[in-house]
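# Examination of the molecular architecture
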Amino acid sequence: MSRLVVVSNRVSPIQEGEATAGGLAAGVLDALKGHGGVWFGWSGNIADNPEPNPAREVGPITLFTIDLSREQYDQYYRGFANGTLWPALHYQIGLGRYDRAEFAGYKRVNDLFARSLLKLIRPDDLIWAHDYHLLCLADSLRAMGVTNRLGLFLHIPFPGPGVFMTVPSHAELIKSMCQYDLLGFQTEQDRAAFVDYAIRHAGGRMVGEGALSIYDRIVKTGVYPIGVHVDEVRAQAELAANRRVATRLRATLLDWLILSVDRLDYSKGLRQRFVAYERFLQDYPDWHNNTTFMQIAPPSRSDIETYQEIRRELEGEAGRINGRFAEVDWVPLRYLNKSFPRNVLMPLYAEAQACLVTPLRDGMNLVAKEYVAAQNPADPGVLILSQFAGAANELDAALIVNPYDEEGMAAAMNQAFSMSVEERRERHASMIAVMKENSLERWRERFQADLQGESP
Ligand code: ADQ
């Protein structure tokens, strides 16, 4: 079996034996733990004269990191990746910007990653890159003569060509992406959108299941919905040692808790969700004095202006809604700008009778899956899920809502609280079955096997 080399923007600061973070980090660590391998990426540090950091061994995994200069960080990370690609790929074209110098800086950092990798890789290594930060990495590696199998998994959506083409460098990006051997997407909609662009605008043609002939090469495309460790999440949610914060929370609550957990990001639909909760309080007054909506949303990317704006806006909305409805003994909305460790978060999920996961767009959304996995199967809570989260393709037994429809979301909250235990159990069992099928193990096994050129 070939050695696996994982490349992602950030390498998580992991320690052996420590509970790991969600999503990408957990999946990558799983993949590397089995047979060992290398994980390469940015350290998260900004330095005046960036140098590669000494390698670090964590069990069978070797971590290599590099620092970035302020200019590299500004152009690559803050600029093109998060100022241009993130909004465009989430269909938020009004929030994006484009600057040629930032795109050039993005390509230079992809080149820098490639040059650093060149010193680490062996001829038969499998190289698995992650996400929108590294769309041009394969192009850089090929230009340096690398012939290894190269795969990219895109964690976020890929939009229809009409939206993607609003990024002025769209043609160059697609050409670079086609230097990978395998392109993995979260949903069929994302894969189909990429293929649509490739065929209609880049001269590609299908030559087999998911395979494109394009730019004189064959590129495979596939759908790999990322999952969670279902049993591990439930075990964490139940563990008495993890439940201290959840128990404190319960002691302060009235009867009903609706929970939302997100990074503070405009793609997550937080403003629309706050307004929908206000609508729920307005249209269904029976739930006054016994319901709490708790939004956990630690700031992210707070040095980008659009992120500062959404933060200001939400603080205003939370104050306004509480001002309108609160009583001396009832605060309807609690807004927490902080993050919780996973072992604390899982019991909080288990405490909530409903979870609102209503992004305007999301590649997958692991909070939705973690919430379902954390529930007690005998008395599970209800997931209210946006139709625009990748997770809605699998979790169709959730209450599916349109995040732009505040009345519809308010009605779903009312329905969740009024649902019989039989119906809640039935919906929950159906979602657990799908999630066990599409587990995190299966995600990485399938991607790795396809990259290697074998079926699992
Ligand atoms: P994110 O946009 O970060 O990830 P999401 O999948 O919801 O979104 O969350 C990733 C992880 O972060 C989860 O495991 C969650 O528990 C944790 N997390 C989120 N908010 C938190 C909070 N407030 N406190 C503590 N932990 C929190 C990107 C894509 C998603 C895709 C993932 C994985 O945007 O669509 O599902 O990658 O592919």
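Okay, so let's go over this structure. Remember, it's a predicted structure, so these values are computed and weren't measured experimentally. (Residues numbered from 1 in each chain as written. Predicted model: local features only at pLDDT ≥ 70, side-chain atom pairs only at ≥ 80, totals over all residues. Heavy atoms only, no water.)

### A short note on the nonpolar core
Most often, soluble globular proteins have nonpolar side chains that are buried together. Residues W39, Y349, L383 and L385 are the most contacted members of the largest nonpolar core, which totals 63 residues. Among the elements that make up this core, the one with the highest residue count is helix α13 (residues 366-374) (seven residues). Within the second largest apolar cluster, 61 residues are counted, among which are F40, Y76, F158 and Y307. (Core = buried A, V, L, I, M, F, W, Y, C linked by side-chain atoms within 4.5 Å. Buried < 20%, exposed > 50% of the residue type's maximum accessible area, 1.4 Å probe, protein only. Helix = DSSP H or I, 4+ residues; strand = E, 2+ residues; numbered from the N terminus.)

### Side note on the packing of aromatic side chains
Applying the stated criterion across every chain yields a total of 33 aromatic pairs. Their ring planes at 25 degrees and their centres at 6.4 Å tell us that F103 and Y106 sit as a pair that is stacked. A residue pair is termed a helical-turn pair when its members lie 3 or 4 positions apart in one helix, as F103 and Y106 do in helix α3 (residues 100-118) at three residues. Across the pair, exposure class does not vary: F103 and Y106 are buried alike. Both rings, one in F153 and one in W443, keep their centres 5.3 Å apart while their planes meet at 80 degrees; by these two values the pair is edge-to-face. Here W443 lies in helix α16 (residues 440-452) and F153 lies in strand β6 (residues 149-153), a separation of 290 residues in the sequence. The pair F153 / W443 is uniform in exposure class, with both members buried. By the ring-pair criterion, three or more aromatic residues cluster together here, those being W256, F274, Y277, F280, Y284, W287, F293, Y335 and F417. When the ring centre of Y91 is taken as reference, the NZ or CZ atom of R361 above it lies at 3.7 Å. (Phe/Tyr/Trp six-rings, centres within 6.5 Å; stacked < 30°, edge-to-face > 60°. Lys NZ or Arg CZ within 6 Å of the ring centre and 35° of its normal.)

### A short note on the pairing of strand β14 (residues 354-357)
With burial as the criterion, each face of β14 is covered, one bearing A354 and L356 and the other bearing C355 and V357. When strand β11 (residues 256-261) meets β14, the two strands line up parallel, connected through two bridges. In the sheet register, I258 faces β14, and the bridge partner there is A354. Two strands pair when backbone bridges link them, and β14 and strand β15 (residues 382-386) are joined in this way by four bridges, in the parallel orientation. Looking at the pairing, A354 lines up with V382 of β15. (Pairing = 2+ DSSP bridges.)

### Topic: the environment of R324
Here R324 is to be found in helix α11 (residues 305-325). For the pair formed by R324 and M409, sequence separation is 85 residues and the distance between their alpha carbons is 19 Å. The residues contacting R324, other than those within four sequence positions of it, are E278 and Q282. Side-chain polar atoms of R324 contact the side chain of Q282, separated by 3.1 Å. (Contact = heavy atoms within 4.5 Å. Polar contact = N/O pair within 3.5 Å; in protein donor to acceptor, adjacent residues only side chain to side chain.)

### A look at the packing of helix α10 (residues 270-283) against helix α14 (residues 406-418)
One way to put it is that α10 packs onto α14 with a least axis distance of 8 Å and a crossing angle of 60 degrees. One way to sum up the angle between α10 and α14 is to call them oblique. Crossing handedness for the pair α10 and α14: right-handed. For the pair α10 and α14, the contacting residues are Q272, R273, V275, A276, Y277, R279 and F280 in the first and E406, E407, M409, A410, M413, N414 and F417 in the second. (Axes fitted to C-alpha atoms, helices over the stretch in contact; angles between N-to-C directions. Parallel < 35°, antiparallel > 145°, perpendicular 65-115°, else oblique. Left-handed = near helix turned anticlockwise from the far one by under 90°.)

### Considerations on the packing of helix α8 (residues 230-238) against α13
Two numbers describe how α8 lies on α13: the axes approach to 8 Å, and their chain directions differ by 65 degrees. The element α8 and its partner α13 pack so that their crossing is right-handed. Contacts between α8 and α13 involve V230, V233, R234 and A237 from the first element and E370, A373 and A374 from the second. Broken down by class, the residue content of the contact of α8 with α13 amounts to five nonpolar, no polar and two charged. (Nonpolar A, V, L, I, M, F, W, Y, C, P; charged D, E, K, R; others polar.)

### Observations concerning the sheet that holds β14
Note on sheets: strands pair through backbone hydrogen bonds, and any given pair is parallel or antiparallel. Taken together, the six strands give an open sheet; going across it, the order is β13-β12-β11-β14-β15-β16, and neighbouring strands pair in parallel fashion. The open sheet has two edge strands with one neighbour each: β13 (333-336) and β16 (399-401). Strand-to-strand twist of the sheet, defined as the mean angle between neighbouring strand axes without regard to direction, takes the value 20 degrees. Across three bridges, β15 lies against β16 in parallel orientation. Across the sheet, residue L385 finds its bridge partner in β16, namely I400.

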